[in-house]
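# Residue-level structure breakdown
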Amino acid sequence: MTELVEHGQLFIGGELTDPLGREVIEVISPHTEEVIGRVPHASAGDVDRAVAVARKAFDEGPWPRTSPKERIEVVSRIKDGIAARHEEIARVISSENGSPYSWSVLAQALGAVMVWDAAITVARGFAYEETRDGVLGRVLVRREPVGVVAAVIPWNVPQFVAAAKLAPALLTGCTVVLKPSPEAPLDAYLLGEIAREAGLPEGVLSILPADREVSEYLVGHPGVDKVAFTGSVAAGRRVMEVAARNLTRVTLELGGKSAAVVLPDAEVEPAVAGIVPAAWMNNGQACVAQTRVLLPRSRYDEFADALAAAASALVVGDPLDPATQVGPLMAQRQQRRNLDYIRIGQEEGAKILTGGGRPRELDRGWYVEPTLFGDVDNSMRIAREEIFGPVICLLPYDDESDALRIANDSDYGLSGSVWTADTDHGIEVARRIRTGTYSVNTFSLDMLAPFGGYKNSGIGREFGPEGYGEYLEHKTIHLPPTWEG
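Conventions we followed
- Residues numbered from 1 in each chain as written.
- Predicted model: local features only at pLDDT ≥ 70, side-chain atom pairs only at ≥ 80, totals over all residues.
- Heavy atoms only, no water.
- Pairing = 2+ DSSP bridges.
- Helix = DSSP H or I, 4+ residues; strand = E, 2+ residues; numbered from the N terminus.
- Axes fitted to C-alpha atoms, helices over the stretch in contact; angles between N-to-C directions.
- Phe/Tyr/Trp six-rings, centres within 6.5 Å; stacked < 30°, edge-to-face > 60°.
- Buried < 20%, exposed > 50% of the residue type's maximum accessible area, 1.4 Å probe, protein only.
- Lys NZ or Arg CZ within 6 Å of the ring centre and 35° of its normal.
- Parallel < 35°, antiparallel > 145°, perpendicular 65-115°, else oblique.
- Left-handed = near helix turned anticlockwise from the far one by under 90°.
- Contact = heavy atoms within 4.5 Å.
- Nonpolar A, V, L, I, M, F, W, Y, C, P; charged D, E, K, R; others polar.
- Core = buried A, V, L, I, M, F, W, Y, C linked by side-chain atoms within 4.5 Å.
- Right-handed = clockwise from strand over helix to strand, strands pointing away.
- Salt bridge = Lys/Arg side-chain N within 4 Å of Asp/Glu carboxyl O.

Spatially, 6-7-23 is the arrangement adopted by the 3 strands of the open sheet, whose pairing is antiparallel. Two strands bound the open sheet, and with one partner strand each, they are strand 6 (129–133) and strand 23 (472–478). Each strand axis lies, on average, 25° off the axis of its neighbour in the sheet, ignoring direction. Bridge count between strand 7 (residues 138–145) and strand 23: 7 bridges; the pairing is antiparallel. Across the sheet, Pro145 pairs through a bridge with Leu472, a residue of strand 23.

Next up, the structure:
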């Protein structure tokens, strides 16, 4: 049995502080269905305290006024601290959200290190000031930190998403209130410890586990200058609505229903080897997962058989077992949601090629078998709605124009891929798909390149100079004609 982890205080402004309320969050193992942790549930009063210290640290404290070099030194120590404890972080995340340990090490922990490192790389070469020749004379353009940031993160990749928001926010000189999901708050305490040990000044970072009601209070707080949110489309709409009351700046990284387009000239083995991990990563609980696989009718059976064989061979089980490839879903409601969609897909006329229920050998835990639907039409709900689990759809197409039409016929536009023997042609296909990121004969995210979505998949970008700039305001200073610089 996993040892019970209990935290009795909140991390506010860099210090462990008693909560104002008595409410507690219980963290449930998705594998054993037992309580594995307890943390305080932050209240609206705790949000007021955290925002107040963040506001003071930004308006009066040293952090926004330190040199970029000094901020880089502190943030580099945070990055190094995460790297040194990456195995511990991976185990905690696998325990709280069911992510397979092998994937947690690579993506949850070391992936977060890569995000921190990439942001540091951007910061080292970033120009905060430049002079230009304007229409009426010389101007000085400055980029200044946006202020107090409310960073609201999900449970599926908590350290990775936290890094995507914290790293640029801290490096630009912002102060942050981080709101982890109540389902996965335990790893956030490790992050708080690491940040404190790295020498982050007082008031710069607070961490408040809480539910939606308190999250909404944070997002709507008048002391917040920017909200950085990752989550569902429905929650993103609500965040935007609440933040709009104060004209608070918002970036949203939301859902996806990404299409992997297999062209008729693609080779079976490399395409299947690339698509399977891109589809079932993190138990299918990934916004960028390739959940629609588009196959040419001329080779549909060949690819469908190979994908079904690969899916049925995936190892399902204890997320802390290094051999596990697919673990349990995060919560019982996610299990029910996936099983409901499997039923809906069958009612709509799609054919189950493999999976379709709970693994028989696992009598507890919120598991769903890796499930592959064949003969899916893009009008079906299983093809249009984000299921967020190990349920993948195969959609046949007639020709390339049909494939492009199907790929683009979605309310989402986050990710996608194309598989072909002709890389140059694959790049042309990539240019015609309406998504924020795309891969040719691979599946990847690059932390030095912008990441974000078209359509309902979000607003704004993370990573690279583009994501870094989301935490900066632009100021123009008009210079007198006599100024020589």
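According to the stated counting rule, one finds 5 aromatic pairs in the structure shown. Relative to Phe463, the ring of Phe451 has its centre 5.9 Å away and its plane inclined at 25°; by these criteria the two rings are stacked. Here the residue Phe451 occupies a position in the loop between strand 20 (439–440) and strand 21 (454–455), and Phe463 occupies one in the loop between strand 22 (458–459) and helix 15 (464–468), the gap between them amounting to 12 residues. Note on Phe463: relative accessible area 7%, which makes it buried. Taking NZ or CZ as reference, Lys226 lies 4.8 Å from the ring centre of Tyr471, over its face.

The geometry of helix 2 (residues 68–84) relative to helix 4 (residues 101–124) is characterised by a closest axis approach of 9 Å and an angle of 165° between their N-to-C directions. The angle between helix 2 and helix 4 falls in the class roughly antiparallel. Note on packing geometry: the crossing formed by helix 2 with helix 4 is left-handed. For the pair formed by helix 2 and helix 4, the contact residues are Ile72, Val75, Ser76, Ile78, Lys79, Ile82 and Ala83 on the first element and Ala109, Val113, Trp116, Asp117, Ile120, Ala123 and Arg124 on the second. Of the residues in the contact of helix 2 with helix 4, the class split is 10 nonpolar, 1 polar and 3 charged.

Turning to the packing of helix 5 (residues 158–172) against helix 6 (residues 186–197), a few remarks are in order. Interhelical geometry of helix 5 versus helix 6 gives an angle of 45° and a closest axis separation of 10 Å. Put simply, helix 5 runs oblique to helix 6. Once helix 5 is placed against helix 6, the crossing between them reads as right-handed. For the pair formed by helix 5 and helix 6, the contact residues are Pro158, Gln159, Ala162 and Leu166 on the first element and Asp187, Ala188 and Leu191 on the second. Across the contact of helix 5 with helix 6, the residue classes tally to 5 nonpolar, 1 polar and 1 charged.

Pairing within the open sheet is mixed, and its 7 strands lie in the order 15-16-17-14-13-19-20. Looking at which strands have only one partner, the edges of the open sheet turn out to be strand 15 (351–354) and strand 20. Each of strand 13 (259–262), strand 14 (292–296) and strand 17 (391–397) is contacted by helix 13 (residues 400–408), which is oriented at about 145° to strand 17, the strand it contacts most.

The biggest cluster of nonpolar side chains holds 64 residues, and the ones touching the most others in it are Trp116, Leu170, Leu178 and Leu205. Secondary structure elements with two or more residues in this core: helix 2, helix 3 (86–97), helix 4, strand 8 (148–152), helix 5, strand 9 (175–179), helix 6 and strand 10 (205–207). For Leu205, the residues in contact, after removing those within four places along its chain, are Phe11, Ile12, Gly13, Gly14, Leu166, Val176, Leu178, Ala195 and Leu200. Membership of the second largest hydrophobic core comes to 33 residues, among which are Val152, Leu186, Ala210 and Leu218.

Take unusual backbone geometry next. A positive phi angle, near 50°, is found at Asn282, a position not held by glycine. With respect to the secondary-structure elements, Asn282 resides in the loop between helix 9 (268–280) and strand 14. Positioned with a positive phi, Lys455 is a non-glycine residue whose angle comes to about 55°. Tracing the sequence through the fold places Lys455 in strand 21.

Right, let's get into the pairing of strand 12 (residues 249–253). Here strand 11 (residues 226–230) runs beside strand 12; their pairing, made up of 5 bridges, is parallel. Within the sheet, the bridge partner assigned to Thr230 lies in strand 12 and is Glu253. Traced from strand 11 through helix 8 (residues 233–244) to strand 12, the parallel crossover comes out right-handed. Taken together, the 2 bridges between strand 12 and strand 22 define a ladder with antiparallel strand orientation. Looking at strand 22, one finds that Leu252 is bridged to Ile459.

What follows covers the pattern of salt bridges. Counted according to the given criterion, the structure contains 31 salt bridges. Arg49 serves as the salt-bridge partner of Asp46, at 2.7 Å between the closest nitrogen and oxygen. Taken together, the residues Asp46 and Arg49, both in helix 1 (residues 44–59) and 3 residues apart, mark about one turn of the helix. Take Asp46: its relative accessible area is 0%, and that puts it in the buried class. In this structure Arg49 comes out as partly exposed when scored by relative accessible area, which is 26%. Residue Lys69 is joined to Glu73 by a salt bridge in which the shortest nitrogen-to-oxygen separation is 2.8 Å. Remark: Glu73 and Lys69 occur in helix 2; sequence separation between them is 4 residues, near one turn of the helix. Lys69 sits in the exposed class, given a relative accessible area of 57%. Glu73 sits in the partly exposed class, given a relative accessible area of 37%. Through salt bridges with shared partners, a single network forms among Glu129, Arg142, Glu144 and Lys475.

Bear in mind that shape data such as this cannot, by itself, settle questions of function.
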